[in-house]
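Here's the letter readout for the chains.
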Amino acid sequence: MRIAVLGGGNGSFAAAGDMALAGHEVRLWRRDRAALEAHKAAGGTITVKDFRGRHETKPALITNDIAEAAQDAKLILCPVPATAQIHIARALAPHLKGGQVVFLPPGTFGSYIFAKAVFDAGNRADVAFAETGTLPWLARKHGPFEVAITIRAKRLPTGVLPLRLKDHALAVIGRAFPGVIEDCGNALSAALMNAGPIIHPPLIVMNAAPLEHFPRWDIHREGTQAAVRRVTDALDAERIAVREALGYGAPHFPLAHHYAEQGEEWMYGRGSHDKLTDSGDWREHIVLTQHRYMLEDVRIGLSFLVSVGELAAVPTPLARAFLSIGGAICGEDFMETGRTLASLGLPSDRNAVQRILAESLP
């Protein structure tokens, strides 16, 4: 299958390398022309490191022409931070064709941003947009053209916009991720599966002092202590309460299952937390005012959760608290600069939102 992969970060390189290893025709698009030319000059290969060893892969195409990357691609993978979605959506929108599937793993309701960009561009192609609850890989780049994959996802709850195209979208995505994709309904349901805004805000805010003191700090090892875990569980309970109030049923993929040795498997399966910390790849330098954990997961992810909580009439006090503290650290009002239903141009009426989720924009 021809797959376009958008982006040049950890997730995009993991996607391009893994999809090429699986035998798909991969087209990699990057905005950074200098990095792209350096990649081509180095041979255009991507080295994938995992528990089986080192694997050399080569995308069929590396380009900064997004139309060329997307042409005739059945699946367009966009595993980039939510902060980059608006720019990429606008660049991609005029070039999408009917039957294509755009997959955002994860999305923070980026599905709607892409759908709206297509509509605003005057493109009336029947395109499906989908998102899931986490990146399909725990991965870090070890060099400009090398990526280490610690874990591949075992379960990916995935929702589709518009819902009427769900069967087609899940079938296409399932060809790239066989046996992993799980139907969780519409795109808002999937957006409320996003683990990033639950796991990362407590870890960076409650570890702010060591993050600023030490040159490198592992928020998942030393930073994940019992007090932090209790707060994470309470924040996750707010997310699940919002899901339930909107009528979304189990499984809700509670983050507690990520740490558990028994019981229901989480998205990365059992033992993933230990593998993550054992890898050493998450002992890193994090600048609180610049890192995506703050700008994506706190500012965008939690503002979205609070906004949807308002739609569902569910209080989200912890999400609001982390938004306030994160905003104070960065010197801005995250509810104003983040992602809310109002900032996306969506109505405050639940029935109207559900109609958009089912049919997409008029």
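Summarised in this report is the structure supplied together with it. (Residues numbered from 1 in each chain as written. Predicted model: local features only at pLDDT ≥ 70, side-chain atom pairs only at ≥ 80, totals over all residues. Heavy atoms only, no water.)

### Description of the environment of Thr 158
And then number 1: With respect to the helices and strands, the residue Thr 158 is situated in strand E11 (residues 156–161).
And then number 2: Thr 158 has contacts with Phe 103, Ala 130, Glu 131, Thr 132, Leu 170, Ile 173, Ile 181, Glu 182, Asp 183, Cys 184, Gly 185 and Ala 190, leaving out every residue within four places of it along the chain. (Helix = DSSP H or I, 4+ residues; strand = E, 2+ residues; numbered from the N terminus. Contact = heavy atoms within 4.5 Å.)

### Some details on unusual backbone geometry
And then number 1: With an omega of -10°, the peptide bond between Pro 105 and Pro 106 qualifies as cis.
And then number 2: Checked against the element boundaries, Pro 106 lands in the loop between strand E7 (101–104) and helix H5 (110–120).
And then number 3: Residue Pro 251 follows Ala 250 across a cis peptide bond; omega there is 5°.
And then number 4: If you check the backbone angles, Phe 253 has positive phi at about 55° while not being a glycine.
And then number 5: Here Phe 253 shows up in the loop between helix H10 (226–245) and helix H11 (256–259).
And then number 6: The buried category is assigned to Phe 253, whose relative accessible area is 3%.
And then number 7: We note that Ala 313 has phi near 60°; this positive angle belongs to a residue other than glycine.
And then number 8: Looking at where Ala 313 falls in the secondary structure, it is placed in the loop between helix H13 (292–312) and helix H14 (317–330).
And then number 9: For Ala 313, a relative accessible area of 66% corresponds to the exposed category. (Buried < 20%, exposed > 50% of the residue type's maximum accessible area, 1.4 Å probe, protein only.)

### A short note on the pairing of strand E9 (residues 137–143)
And then number 1: With six bridges joining them, E9 and strand E10 (residues 146–152) adopt antiparallel strand pairing. Considered in E10, the bridge of Lys 141 is made with Val 147.
And then number 2: A loop of two residues connects E9 with E10, the two strands running antiparallel in sequence. (Pairing = 2+ DSSP bridges.)

### Let's talk about the packing of H10 against H13
And then number 1: Interhelical geometry of H10 versus H13 gives an angle of 40° and a closest axis separation of 9 Å. Considering the angle they form, H10 stands oblique to H13. Two packed elements cross with a definite hand, and for H10 against H13 that hand is left-handed. Residues Leu 235, Arg 239, Val 242 and Ala 245 of H10 form the contact with H13, whose own contacting residues are Leu 302, Leu 305, Val 308, Gly 309 and Ala 312. (Axes fitted to C-alpha atoms, helices over the stretch in contact; angles between N-to-C directions. Parallel < 35°, antiparallel > 145°, perpendicular 65-115°, else oblique. Left-handed = near helix turned anticlockwise from the far one by under 90°.)

### Let's talk about the packing of helix H4 (residues 85–92) against H5
And then number 1: Remark: H4 packs on H5, axes separated minimally by 8 Å, with the N-to-C direction vectors making an angle of 35°. In terms of crossing hand, the pair formed by H4 and H5 is right-handed. Counting all contacts with H4, which are made through Gln 85, Ile 86, Ile 88, Ala 89, Arg 90 and Leu 92, the residues of H5 involved are Gly 110, Ile 113, Phe 114 and Ala 117.
And then number 2: Tallied by class, the residues present in the contact of H4 with H5 amount to seven nonpolar, two polar and one charged. (Nonpolar A, V, L, I, M, F, W, Y, C, P; charged D, E, K, R; others polar.)

### Examining the pattern of salt bridges
And then number 1: Summed over the entire model, instances satisfying the criterion amount to 23 salt bridges.
And then number 2: Between Arg 164 and Glu 359 there is a salt bridge, with its nearest N and O atoms 3.3 Å apart. You can see Arg 164 sitting in the loop between E11 and helix H6 (166–176) and its partner Glu 359 sitting in helix H16 (residues 350–359), a full 195 residues away along the chain.
And then number 3: Residue Arg 164 is classed as partly exposed on the basis of its relative accessible area of 43%.
And then number 4: Where Arg 283 meets Glu 222, a salt bridge forms, and the shortest distance between an N and an O atom there is 2.7 Å. Residue Arg 283 is located in strand E14 (residues 283–284), and its partner Glu 222 is located in the loop between strand E13 (217–218) and H10; the two are separated by 61 residues in the primary sequence. (Salt bridge = Lys/Arg side-chain N within 4 Å of Asp/Glu carboxyl O.)

### Structural notes on the side chain of Ser 303
And then number 1: Along the chain, Ser 303 falls in helix H13.
And then number 2: Accessibility expressed as a relative area gives 0% for Ser 303, which makes it buried.
And then number 3: Here the side chain of Ser 303 touches Arg 339 through a polar contact of 2.8 Å, landing on its backbone nitrogen.
And then number 4: Residues within four places of Ser 303 in sequence aside, it is in contact with Val 298, Leu 323, Phe 334, Met 335, Gly 338, Arg 339 and Thr 340. (Polar contact = N/O pair within 3.5 Å; in protein donor to acceptor, adjacent residues only side chain to side chain.)

### A closer look at the packing of aromatic side chains
Each aromatic ring pair is specified by the distance between its two centres and by the angle formed by the two planes.
And then number 1: Tallied over the entire structure, the rule returns six aromatic pairs.
And then number 2: Taken together, a centroid distance of 5.9 Å and an interplanar angle of 70° make the contact between Phe 103 and Phe 177 edge-to-face. Remark: Phe 177 occurs in the loop between H6 and strand E12 (181–186) and Phe 103 occurs in strand E7; sequence separation between them is 74 residues.
And then number 3: An angle of 10° between the planes, with centres 5.3 Å apart, marks the rings of Phe 214 and Trp 217 as stacked.
And then number 4: Judged by relative accessible area, which is 36%, Phe 214 ranks as partly exposed.
And then number 5: Given the relative accessible area of 15%, Trp 217 is considered buried.
And then number 6: Through pairs of rings, three or more aromatic residues link up here, namely Phe 103, Trp 137 and Phe 177.
And then number 7: Above the face of the Phe 119 ring, Arg 124 is positioned so that its terminal group lies 4.1 Å from the ring centre.
And then number 8: Over the ring of Phe 13 we find Lys 141; its NZ or CZ atom is 4.0 Å from the centre of that ring. (Phe/Tyr/Trp six-rings, centres within 6.5 Å; stacked < 30°, edge-to-face > 60°. Lys NZ or Arg CZ within 6 Å of the ring centre and 35° of its normal.)

### Quick look at helix H1 (residues 10–21)
And then number 1: The end-to-end C-alpha distance of H1, which contains twelve residues, comes to 16 Å, matching closely the 16 Å that a straight helix rising 1.5 Å per residue would cover.
And then number 2: Within H1, nine of the twelve residues are buried, which leaves the element mostly enclosed by the surrounding structure.
And then number 3: Among all positions of H1, only Gly 11, Ser 12, Phe 13, Ala 14, Ala 15, Ala 16, Gly 17, Asp 18 and Met 19 are buried.
And then number 4: The first or second residue beyond H1 is Gly 23, which carries a positive phi of 95°. (Expected span 1.5 Å × (residues − 1).)

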